[in-house]
Amino acid sequence: MNVIWLCSWYPNAVDAYRGDFIQRQAIATSAFARIDVVHIVFCDYHKATVTQVNAQLTEHIFYVKQQHKGKDLIQFFAIHKRFLLQYQSIHGLPDRVHVQIPLWSGLIAMQWKRIYQIPFVLTEHYGIYNLLVDDSFQHRSWLFKYFTKSILKAASLFLPVSNSLGKEVNSMVISKPFIAVPNVVNTNLFHFTPKPTQGKFRFIHVSNMAPLKNVPGILEALSKLYQKNKEIECVLIGSQSPEIIAYATSLQLYPGVCRFYNEISYEEVALQVSQAHAGVLFSTSESQSCVVLEWLCSGLPVISSAVGGVVELIQAENGLLVASHDVDALAHAMESLIDHYHEYDGVKIASRAAALYSYEAVGKQFCRLYETIISRK
């Protein structure tokens, strides 16, 4: 099966981490179908790159000098048209198109569906379909709302990364049946590793440190716990914020209790996770959370705020959920998890998570769904 992925987000030379979770889904699916990824980056230069990731996955990244919205949109359609003509001359028309994030790649999928009758499926990751985030769908322009709704309506299958996100889209945009297909984890990197029984208990947090991740709340909870238990530490990985580090210093957590790492490679993150005892997330909103999936595949119990798609991931046997913004509850959950840590079965946590979120599990699920669509309809 030949499938073109039209990706509104994708890692590139300008932003190496943008949509890296989409790239991992593409790698996973390429074990079962031929995938050609197309992504356009508007920047200050022109360039096109083709990367052969493996025998069945090719990435086509087009860097386009940004002008104004009208010309940018013309270039956007023209580049996709040239790509499809070249693709068709070699492979014929694709069997399926897979859109990752509706705008703006979904506009191309709608055009191809109209002209060539190529069906497309749509995956959504974007956590904007609620009123908790500043850039909520409700606050977007009428054009953004109109085209997002049109793309969703035209998709043969709607595949949000969580049931929570699917329900939010149904509530805020359009009523559309959906099948949740999760993000994927490289279980060659994130897998169970025995933890040392001696030394400090180590929590880990990985995020972009944006306000909705509520890292200050995590620091406050750590401060409360540290007053009772000096044998704790926390590794925080992501975009370093001077304000967050200063706040940790004011709470007397840095440099002793907390260690901060800037953005590091996926492999380096996996190494840090393997050395931690538990993951902690305290977001105000989450569409799913890749880091929680990675922690679970590594056999770590997870403490998280009970928001969005995370609620679907955490049960009594693999972690604890607390109310968003409740710092006292978070501190208590951290203390409770340490006290009952021996009751969590890391091997079982990892194996159950891998069965759901591994490359093989997610890749097979996508391909089974592709096969349910009637071709050219």
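Check the entry above for the structure.
I will try to describe carefully the structure that is included in this document.

The rules behind each value
Residue indices begin from 1 for each chain and proceed along its sequence in written order. It should be noted that, the model being predicted, local features are given only for residues of pLDDT at least 70 and side-chain atom pairs only at 80 or more, the latter also being counted only at that level, while totals for whole chains, interfaces and linings use all residues. Side-chain measures here rest on the full set of heavy atoms in the structure, leaving out hydrogens and waters. Secondary structure elements follow DSSP: runs of H or I no shorter than four residues count as helices, runs of E no shorter than two count as strands, and numbering proceeds from the N terminus. Summary of the burial criterion: residues with accessible area below 20% of their type's maximum are buried, those above 50% are exposed, and those between are partly exposed, where the area comes from a 1.4 Å probe applied to protein chains only. Counted as a polar contact is a pair of N or O atoms within 3.5 Å, where, for protein atoms, one must be capable of donating a hydrogen and the other of accepting one, and residues adjacent in sequence contribute only when both atoms are in side chains. What is meant by a nonpolar core is a set of buried Ala, Val, Leu, Ile, Met, Phe, Trp, Tyr and Cys residues, joined one to another through side-chain atoms within 4.5 Å. Strand pairing is defined by DSSP finding a minimum of two bridges between the two strands. Angles run from 0 to 180 degrees between N-to-C directions of axes, and those axes are lines fitted to C-alpha atoms, restricted for helices to the stretch in contact. Note on definitions: a residue-residue contact is assigned when non-hydrogen atoms from the two residues lie within 4.5 Å. Any angle that is under 35 degrees is reported as roughly parallel, and any over 145 degrees as roughly antiparallel; angles of 65 to 115 degrees are reported as roughly perpendicular and all others as oblique. Crossings are sorted by hand: turned counterclockwise from the far helix by less than a right angle, the near helix makes the crossing left-handed, and turned clockwise it makes it right-handed. Charged residues are taken to be Asp, Glu, Lys and Arg, nonpolar residues to be Ala, Val, Leu, Ile, Met, Phe, Trp, Tyr, Cys and Pro, and polar residues to be all remaining types, Gly included. Salt bridges, as used here, are contacts in which a Lys or Arg side-chain nitrogen is within 4 Å of a carboxyl oxygen on Asp or Glu.

## Digging into the environment of Asn54
Tracing the backbone through its elements, the reader meets Asn54 in strand β3 (residues 47–54). The exposure class assigned to Asn54 is partly exposed, which follows from its relative accessible area of 27%. Each C-alpha atom of the pair Asn54 and Ile35 lies 9.9 Å from the other, and the pair is 19 residues apart in sequence. Of note is the side chain of Asn54, whose polar atom sits 3.1 Å from the side chain of Ser30. Engagement of the side chain of Asn54 in a polar contact is seen with the backbone nitrogen of Gln56, the distance being 2.8 Å.

## Points about the nonpolar core
Core analysis: the largest hydrophobic core is formed by 58 residues, its most contacted members being Phe203, Leu222, Trp295 and Met334. Tyr87, Val99, Ala155 and Val161 belong to the second largest nonpolar core, which has 37 residues in total.

## Looking at the sheet that holds strand β8 (residues 201–206)
Ordered by their spatial adjacency, six strands build an open sheet running β10-β9-β8-β11-β12-β13, and the pairing between neighbours is parallel. Of all the strands in the sheet, the pair left with one neighbour each is β10 (258–261) and β13 (319–322). Across this sheet, the average inter-strand angle for adjacent strands is 20°, counted without regard to direction. Here strand β11 (residues 278–281) pairs with strand β12 (residues 302–305) via three bridges, running parallel. Across the sheet, Val280 pairs through a bridge with Ile303, a residue of β12. With respect to the sheet, helix α9 (residues 290–297) is in contact with β8, β11 and β12, its orientation differing from that of β11 by roughly 165°.

## Concerning the sheet that holds strand β4 (residues 57–65)
Strand order in the open sheet formed by seven strands is β3-β4-β2-β1-β5-β6-β7, and the pairing between neighbours is mixed. Single-partner strands in this sheet number two, and they are β3 and β7 (157–158). Looking at chain direction, strand β5 (residues 96–100) and strand β6 (residues 120–123) are connected through four bridges and run parallel. Counterpart to Gln100 in the pairing with β6 is Thr123.

## Focus on α9
Taking burial as the measure, the eight residues of α9 include eight buried ones, the bulk of the element. The set of residues buried in α9 consists of Cys290, Val291, Val292, Leu293, Glu294, Trp295, Leu296 and Cys297. Following α9 by one or two positions, Gly299 adopts a phi angle in the positive range, close to 85°.

## Details of the side chain of His39
Mapped onto the elements of the fold, His39 is located in strand β2 (residues 34–43). The residues touching His39, leaving out its near neighbours within four places in the chain, are Cys7, Ser8, Trp9, Tyr10, Asn12, His60, Ile61 and Phe62.

## Comments concerning the packing of helix α6 (residues 215–226) against helix α7 (residues 242–250)
With their axes 10 Å apart at the nearest point, α6 and α7 run at an angle of 15° to one another. The angle between the axes of α6 and α7 places the two elements in the roughly parallel class. By crossing handedness, the relation of α6 to α7 is classed as right-handed. Counted together, Val215, Pro216, Leu219 and Glu220 of α6 and Ile244, Tyr247 and Ala248 of α7 form the full contact between these two elements. A class-by-class count of the residues in the contact of α6 with α7 yields six nonpolar, no polar and one charged.

## Looking at the pattern of salt bridges
This structure, assessed with the given rule, holds ten salt bridges. Across the salt bridge formed by Lys213 and Glu286, the nearest N and O atoms sit 2.6 Å from each other. Taken together, the residues span a long stretch of sequence, with Lys213 in the loop between β8 and α6 and Glu286 in the loop between β11 and α9 at a distance of 73 residues. For the pair Lys213 and Glu286, a shared accessibility class is recorded, and that class is buried.

## Brief notes about the environment of Ala48
Among the secondary structure elements, Ala48 is positioned in strand β3. Residues Ala48 and Val64, spaced 16 residues apart in sequence, show a C-alpha to C-alpha distance of 8.4 Å. Dropping the residues within four chain positions of it, Ala48 is found in contact with Ile61 and Phe62.

By themselves, these observations are geometric and do not establish any function.
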